[in-house]
Amino acid sequence: MNPAAAWPLWWLDLALAAIAAEALWLAWRGRRAGLAPQDWLWCLAAGLGLLLAMRAALAGAALPLVGACLAVAGLCHWLDLRSRRRTAAATG
């Protein structure tokens, strides 16, 4: 038996819903607290890409789709690091 088949996918769906709720909360609360979207958006998107890749792999999706999700996660992670470096350089 495939161990991945025993994993309940609804746990991942729940985690994806939690990330969506967190994004909505950060957008609402961040606006009130002066938190810019670039401070949190790329980090959240990288985690979303990793969860989507895991969901696709466990659901038996084609490997190119899993690879594309991982590539998007890596790109978002790089953008997050670049944004943080620019913010750190601007503040001294």
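Just above sits the structure.
All figures in this text were calculated on a predicted structure; none of them were measured in a lab. (Residues numbered from 1 in each chain as written. Predicted model: local features only at pLDDT ≥ 70, side-chain atom pairs only at ≥ 80, totals over all residues. Heavy atoms only, no water.)

> Provide a residue-level description of the side chain of Asp-80, including the pertinent values.
Mapping Asp-80 onto the fold places it in helix H3 (residues 63-91). Classification of Asp-80 as buried rests on a relative accessible area of 7%. Not counting the four nearest positions on each side in its chain, Asp-80 is found in contact with Trp-42 and Cys-43. (Helix = DSSP H or I, 4+ residues; strand = E, 2+ residues; numbered from the N terminus. Buried < 20%, exposed > 50% of the residue type's maximum accessible area, 1.4 Å probe, protein only. Contact = heavy atoms within 4.5 Å.)

> How would you summarise a nonpolar patch on the surface if you had to cite specific residues and measurements?
Among the surface-exposed residues, Trp-10, Trp-11 and Leu-14 lie close enough to one another that they form a single nonpolar patch of about 380 Å² accessible area. Along the polypeptide, Trp-11 turns up in helix H1 (residues 9-33). The exposure class assigned to Trp-11 is partly exposed, which follows from its relative accessible area of 47%. (Patch = residues over 30% accessible without salt bridge, like charges linked within 9 Å, V, L, I, M, F, W, Y side chains within 5 Å. Areas by Shrake-Rupley, 256 points an atom, 1.4 Å probe, with all protein chains shown as cover. Salt bridge = Lys/Arg side-chain N within 4 Å of Asp/Glu carboxyl O.)

> With reference to specific residues and values, describe the pattern of salt bridges.
Think of it this way: side chains of opposite charge can pair up when their charged atoms draw near. Enumeration over the complete set of coordinates arrives at 2 salt bridges. A salt bridge links Arg-55 to Asp-13; the shortest N-O distance between them is 2.6 Å. Placement of Arg-55 in helix H2 (residues 41-58) and of Asp-13 in helix H1 is noted, with a sequence separation of 42 residues between them. According to the relative accessible area criterion, Asp-13 is partly exposed, its value standing at 35%.

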